[in-house]
Amino acid sequence: MANRRACIIAGGMCKWGVREASYIDMVQEAAKECLADLPTLKPKGIDGLIFASTFVGRRSCQANTAPVVAERIGLKPTSICARVDVLCAGGSTSILMAKGLIESGMAEVVMVMGGEKLYTPERWQVQYDEIASVDHDWDGPQNVGPPPLLFAFIAKDHMRHYGTKREALAEVSIANYDYGLNNPKGHFQKKLSLEEVLTAKDIAPPLGMFDCCPLSDGFAAAIIASEEKARELTERPLVYIRGGAQLSLHSVTANWPGDHLGDWPHLRLAAQKAYERAKTGPGEINVAQMHDCFSISEIIEVEELGFCKKGEGGAFIAEGQTRLGGRIPTNTDGGLLSCGHPFGGTGIRQAIEIMKQLQGRATNQVKGAVMGMTHNLSGANVEHTIVIYGREPVR
Amino acid sequence: MATKEIGIPFLEGRYSPTLDIWPIEAKEFNRIYKFYDHLREGRFTTTKCSECGYIAYPPRVICPECYSDQLEWIDLPKRGKVLEVVEKWGGLPLCFKPPLISAWIDLGKESPLKRLLSRIINCPPGTLKAGDEVQFVVFDVPSHPIEWGQERRIVDRVYFAFEPVKK
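Report follows, based on the coordinates. (Residues numbered from 1 in each chain as written. Chains lettered and ligands numbered in written order. Predicted model: local features only at pLDDT ≥ 70, side-chain atom pairs only at ≥ 80, totals over all residues. Heavy atoms only, no water.)

Our focus in this paragraph is the nonpolar core. All names here are of chain A. One finds M111, M113, I223 and Y389 to be the most contacted residues of the largest nonpolar core, which totals 65 residues. Sort the elements by how many residues they give to this core and helix α1 (residues 23-36) lands first, with eight residues. Sequence-distant contacts of M113, defined by excluding residues within four places in its chain, comprise V27, A30, A31, I50, F51, A52, V69, I73, F219, A220, A221 and I348. Counting 62 residues, the second largest nonpolar core, distinct from the first, contains I203, C308, I328 and L337. (Core = buried A, V, L, I, M, F, W, Y, C linked by side-chain atoms within 4.5 Å. Buried < 20%, exposed > 50% of the residue type's maximum accessible area, 1.4 Å probe, protein only. Helix = DSSP H or I, 4+ residues; strand = E, 2+ residues; numbered from the N terminus. Contact = heavy atoms within 4.5 Å.)

Take a look at the structure:
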């Protein structure tokens, strides 16, 4: 089985936002969009399903979800049929797992799907369920569950240590909303002004409403296949999953691994591992999808992923370095801020956008892009997941 | 005509862990119940390994360094210095009322637990700032029924936060 390689060959997503649909309705819409991207592949040609959703058990009262999903979308998996729960990084995790299954020879064509139905009939549960997203007995009672609190602390610490300005945070939201303007599948299509961001409703100061990604319903699906199958199924340029990393150094906020909250050594380590495995570095990455759950997150991510010096992320983004023509175009489909964030769906959406970028068919195309990356953080910033894609395989 | 029922009527007085923000602290359901017993005595504690000496937080039933199950309870500092404060007015789960004041607290260089993110109670909004001193405080949280064998009884619970030290 030596030298088997995994490629991402197709993907699609349903409309994300506040949906008039159940989770299992949206699962079917996402599967249809995914195979519409690759008409040569039929459901019976798919041998595996990895389904990423954290809250389907709480909000839709459905455990052992993978066989339910498989049946509804016409799959009869023979290599793998399982759900993964890594909250915000569920989609990326599914892709890393599919890569491993394909390269080991156990699977040939795997559908990875992720998403959430977050809006319950009574709205109180939408916020309330967040109590389950952190270490329940220790951070839950301190209200670390709903994430704006922790990220407000992170923003304050980054401002204190590096002089990051409130306006720099706003520039992240403005840039990503601009990218999202022409993405009809995203939660929002809205032009934001600086004034609007700075005067928006406070969520947890310094974070206002436009500094926070929305809670969204939505699902996305992609096809991961062996190189051999990929060549049979598509004439598009192949996009290889070169490498990645997933890392968790702590769970309870009291055990935060950094010198302060604006210091993310766990992300630095994840980046180092991912770059080593993909035999590349930040200097060779042409396009990125980063986890902009909050505006401050992307500022710290461009630093810790090695695209600018530590502490300079705010200025880097404010001067346009994440826009088309900048050093590292980032969140070119709108990111979490504009597309929304149905947790497990995000990593799949990011992967689809990178695939399209490397195949030269993205809406906001980065000219000549040959290497791209996706990044997710999960929960109370307790996990970092990176996937690196390239037009060339690792040799 | 009978009153129209809304929601899930049979849940009245029943308990579901999936909607509970507080830990299940009872001895029958939790091997670190002593942490909560200590709270009732006003103590903030965690476990130390009797074999390798490693101090873990949160408390464990095994040492995460050497996997020994020979652990002892030690006391943690009950005073700290505020590093950052955040006041949250919106988007709170039903169990909390705004404003919810939280602090990232420095427990000192000598403490085995250096920092902690905690709620701040007994504190008027807008008054706490970085550099202020805060102290450990224990309060009652909702009790719940447990069923054990033939017995059904109500167990009381406590939890902890920090409050400003009066100047």
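Here we take up the state of the cysteines. Residue and element names in this part refer to chain A. Applying the stated criterion across every chain, the model contains zero disulfides over all chains. Here C14 stays free of any disulfide, with the sulfur of C339 as its closest cysteine sulfur at 12 Å. Relative accessible area serves as the criterion here: at 2%, C14 is assigned to the buried category. The thiol sulfur of C61 is not disulfide-bonded, and the nearest other cysteine sulfur, from C81, lies at 19 Å. According to the relative accessible area criterion, C61 is exposed, its value standing at 69%. (Disulfide = S-S within 2.5 Å.)

We now examine the environment of L269 of chain A. All names here are of chain A. With respect to the secondary-structure elements, L269 resides in helix α10 (residues 265-277). With a relative accessible area of 30%, L269 lands in the partly exposed category. Put simply, L269 and E304 are 35 residues apart on the chain and 9.0 Å apart in space, counted from C-alpha to C-alpha.

Reading across the sheet, the five strands line up as β6-β5-β4-β7-β8 (chain B) and stay open at both edges, with antiparallel pairing between neighbours. With partners counted over all chains shown, the strands left at the sheet margins are β6 (115-119) and β8 (151-164) of chain B, one partner each. The mean angle between the axes of side-by-side strands here comes to 35 degrees, regardless of whether they run parallel or antiparallel. As defined by bridge partners, strand β5 (residues 100-106) of chain B adjoins β6 of chain B across five bridges and the pair is classed as antiparallel. Bridge pairing links I105 of chain B to L116 of chain B in β6 of chain B. Relative to strand β4 (residues 79-88) of chain B, helix α6 (residues 148-162) of chain A is tilted by about 110 degrees, and along the sheet it contacts β4, β5 and β6 of chain B. Packing of helix α1 (residues 33-40) of chain B onto the sheet brings it into contact with β7 (133-148) and β8 of chain B, and relative to β8 of chain B it is tilted by some 65 degrees. (Pairing = 2+ DSSP bridges. Axes fitted to C-alpha atoms, helices over the stretch in contact; angles between N-to-C directions.)

Right, let's talk about the interface of chain A and chain B for a bit. Bring the parts together and some accessible area is lost; that lost area is often taken as the interface size. Of the residues lining the interface, 34 residues belong to chain A; the matching set on chain B comes to 39 residues. With both sides pooled, the region where chain A packs onto chain B buries about 3200 Å², and carbon together with sulfur makes up 61% of that total. When the area that chain A buries against chain B is broken down by residue, the three leading residues are W138, Q142 and F153 of chain A, summing to 24%. Our count for the chain A to chain B interface comes out at one salt bridge. For E84 of chain B, the salt bridge goes to R160 of chain A, with nearest N and O atoms at 2.6 Å. Viewed at the interface, chain B and chain A are joined by twelve residue pairs in polar contact (both at pLDDT 80 or more). Contributions of two or more residues to the side of chain A that touches chain B are made by α5 (124-128), α6 and β5 (202-204) of chain A. When residues of the side of chain A that touches chain B are assigned to their parent elements, the largest contribution, eight residues, is made by α6 of chain A. Considering only residue class, the side of chain A that touches chain B consists of 19 nonpolar, nine polar and six charged. (Buried area = accessible area lost by both parts, 1.4 Å probe. Salt bridge = Lys/Arg side-chain N within 4 Å of Asp/Glu carboxyl O. Polar contact = N/O pair within 3.5 Å; in protein donor to acceptor, adjacent residues only side chain to side chain. Nonpolar A, V, L, I, M, F, W, Y, C, P; charged D, E, K, R; others polar.)

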